[in-house]
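Now for the letters of each chain:
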Amino acid sequence: MPKIFLKFNEQVLKEIPLDKPRLTIGRKPDNDLVIDNPAMSGHHALIFSEEGVFFIEDLGSTNGTFVNDAKIHKEKLKNNDRVALGAHVLIYQDEITPASPPPRETESDKAMLPDPAKQQELVKTVPGTTKTTAVGGKTAEKVGRLTVVSGETDRKAYELTGHLTVIGAEDTATVRLTGWFAPKNAALISLQGSGYFISLPEGGKKITVNGEVVQGKKSLHDGDVIIIAGVHFQFSLK
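Sequence order as written defines the numbering, with residues in each chain counted from 1. Per-residue local features are limited, in this predicted model, to residues with pLDDT of at least 70; the limit for side-chain atom pairs, both in listing and counting, is 80 or more; totals at the level of whole chains, interfaces and linings are taken over all residues. With hydrogens and water set aside, each side-chain value is computed from the structure's full complement of heavy atoms.

Student: Explain the sheet that holds strand E2 (residues 11-17) residue by residue, including any values.
Tutor: We treat two strands as partners when DSSP finds at least two bridges between them. Helix and strand definitions follow DSSP, with helices as H or I runs of at least four residues and strands as E runs of at least two, each counted in order from the N terminus. Strand order in this open sheet of six strands is E2-E1-E11-E10-E7-E8, and the pairing throughout is antiparallel. In this open sheet, the two strands that pair with only one neighbour each are E2 and strand E8 (70-72). Mean inter-strand twist for the sheet, computed between neighbouring axes without regard to direction, equals 30°. For strand E10 (residues 82-85) and strand E11 (residues 88-93), the ladder comprises four bridges, and the chain directions are antiparallel. Within E11, the residue paired with Arg82 across the bridge is Ile91. Fitted lines through C-alpha atoms serve as axes, helices being fitted only where they are in contact, and the angles separating the N-to-C directions of these axes extend from 0 to 180 degrees.

Student: Outline the sheet that holds strand E14 (residues 144-150), listing residues and values.
Tutor: What the six strands build is an open sheet, ordered E15-E14-E24-E23-E20-E21; its pairing is antiparallel. Taken across any chain shown, the strands that pair with only one partner, and hence form the sheet edges, are strand E15 (157-160) and strand E21 (212-213). Where strand E23 (residues 225-228) lies against strand E24 (residues 231-237), four bridges are found, and the strand directions are antiparallel. Looking at the pairing, Ile228 lines up with Val231 of E24.

Student: Please set out the packing of aromatic side chains residue by residue, giving values where relevant.
Tutor: Pairing of aromatic rings covers Phe, Tyr and Trp, the last through its six-membered ring, and needs centres within 6.5 Å; plane angles under 30 degrees mean stacked, over 60 mean edge-to-face, and all others mean tilted. Applying the stated criterion to the full structure yields three aromatic pairs. Geometrically, the ring pair formed by Phe48 and Phe55 is stacked, given 5.7 Å between the ring centres and 15° between the ring planes. Judged by centre distance (6.4 Å) and plane angle (50°), the rings of Phe54 and Tyr92 are tilted. Note that Phe54 is positioned in strand E6 (residues 53-58) and Tyr92 in strand E11, a separation of 38 residues in sequence. Neither residue differs from the other here; Phe54 and Tyr92 are each classed as buried. Looking at Lys74, its charged tip hangs above the ring of Phe55, at a distance of 5.2 Å from the centre. For every residue, the accessible area obtained with a 1.4 Å probe (protein chains only) is divided by the maximum for its type, and the residue is called buried under 20%, exposed over 50%, and partly exposed between those limits. Charges are assigned to positions over rings by a cutoff of 6 Å between ring centre and Lys NZ or Arg CZ, combined with an angular limit of 35 degrees from the ring normal.

Written out as structure tokens, the structure reads:
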């Protein structure tokens, strides 16, 4: 029987057999699989069967659904596909494959390096996207970094290696705000293709980039100054 493994921070939280034709995923309690995380939408995604084949469909979520690093609307699932939903990951295994532990994320997964066919194209980048530099004859994609200029956080600098960086006072936040009045869910930074974007989550109050209030979603550039809940960050590409 096909199944999915729910993972968070490399740890398998749950194994779910796909024994029903539909499985809804989201933050609200009426979902079949409830993931209580601010990066998830109330009804985030749906896994369903058509003629014995399983598909995943994004339900108009705020932060998107990614299959093997590509943002999707609807996608057929194949054995060992890696589905990113907010800060969590699902690993799909079909019924043909012998039982085995789900694959671990590799360093290349975290850095999301471009495949060889795209490396030459990515050498010439546009503003707001990560750049590539030649090292030993190979190209390496630069990774976003947040440095704390002022304000209360659990660390002074963060490398943005995942699909989604959650900023807030929640224990599960990637960038944890520690001030007394820090909001639980303050901001989201997503990696889409080779570019970083910042956006307000559901219930978010205000974000400014270089003094400009963010409306919806905004691309980030090397050197941008970001203010979130009174904390000043500087974004850079390293």
